[in-house]
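Secondary and tertiary structure notes
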Amino acid sequence: MAVIMAVRGEIALAIVLPLIIIGYGLSVTLFAGHSDIAAQFSGHEEDERRRLINWRAGATTANVLMLVLVCGTFYELIHGEFGGTFSRLSALGGISYAAASATYTRAGVKHSIDPAE
């Protein structure tokens, strides 16, 4: 990332962006023992509770992203731009959701409610 920014002539970003990433990594690693949030972000001592939190956070994120994509698709429809980025991403999201649902509900396959299994 730093090399790309430097090649583009953005020297300040070439220095700052890696520092942000290194700072993030150090802070979640150092504070993982003292903070549930830092432990969650660092993957420190994965337990049932943290796996459930991660599962719920992922589901919430997916729902918010799909809402934004569907709203963007309607915006494209209203403005006569159907087939744009929002439309394609919404289609991809719908297809991937349908494929995942079909995969997880195959006949004869038992899946645990626990997302960690």
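Up top is the structure these notes are about.
So, here's what we can say about the structure. Per chain, residues are indexed from 1 in the order of the written sequence. Confidence filtering applies because this is a predicted model: local features only for residues at pLDDT of at least 70, side-chain atom pairs given and counted only at 80 or more, and all residues used for totals across whole chains, interfaces and linings. As a convention, hydrogens and water are excluded, and side-chain values are obtained from all of the structure's heavy atoms.

1. Let's talk about the pattern of salt bridges
Oppositely charged side chains can form a pair if their charged atoms are brought close together. Applied cut-off: In the sections that follow, a salt bridge refers to a side-chain nitrogen of Lys or Arg positioned within 4 Å of a carboxyl oxygen of Asp or Glu. Think of it in three bands: residues with accessible area under 20% of the maximum for their type are buried, residues over 50% are exposed, and the middle band is partly exposed, with areas taken using a 1.4 Å probe on protein chains only.
Here the structure, examined in full by the defined rule, presents 1 salt bridge. Across the pair R8 and E10 runs a salt bridge whose closest N-O atoms are separated by 3.3 Å. On the basis of relative accessible area, E10 is assigned to the partly exposed category, the value being 28%.

2. Considering the packing of helix α4 (residues 48-78) against helix α5 (residues 85-104)
This is how the line gets drawn: Working convention: axes come from line fits to C-alpha atoms, limited for helices to the stretch in contact. Angles between N-to-C directions cover 0 to 180 degrees. In this text, helices come from DSSP runs of H or I with a minimum length of four residues, and strands from runs of E with a minimum of two, each type numbered from the N-terminal end. Reported orientations rely on four angle classes, namely roughly parallel under 35 degrees, roughly antiparallel over 145, roughly perpendicular from 65 to 115, and oblique for the rest. Each crossing gets its hand from how the near helix is turned against the far one by less than a right angle, where anticlockwise is left-handed and clockwise is right-handed. Contacts are assigned to residue pairs with any non-hydrogen atoms lying within 4.5 Å of each other. Following the grouping adopted for this structure description, the nonpolar residues are Ala, Val, Leu, Ile, Met, Phe, Trp, Tyr, Cys and Pro, the charged ones are Asp, Glu, Lys and Arg, and the polar ones are all others, Gly among them.
Look at α4 against α5: their axes get within 8 Å of each other, and the N-to-C directions meet at 135 degrees. With respect to α5, the axis of α4 lies oblique. Classified by chirality, the crossing of α5 by α4 is left-handed. For the pair α4 and α5, the contacting residues are M66, V68, L69, V70, G72, T73 and E76 in the first and T85, F86, S87, L89, S90, G93 and G94 in the second. Grouping the constituent residues of the contact of α4 with α5 by class yields 6 nonpolar, 7 polar and 1 charged.

3. Details of the environment of I53
Position of I53 among the secondary structure elements: in helix α4. Taking the C-alpha atoms as reference points, I53 and Q40, 13 residues apart in sequence, are found 8.4 Å from one another.

4. Some thoughts on α4
We count it as follows: Given a helix with a known number of residues, its expected span is that number minus one, times 1.5 Å.
The terminal C-alpha atoms of α4 lie 45 Å apart, and with 31 residues this matches the ideal 45 Å at 1.5 Å per residue to within 8%. Regarding α4, the residues found buried are R50, L69, G72, T73 and E76. Buried-residue contacts for α4 involve α3 (36-42) and α5. The positive-phi residue at the C-terminal boundary of α4 is G80, with phi of around 70 degrees.

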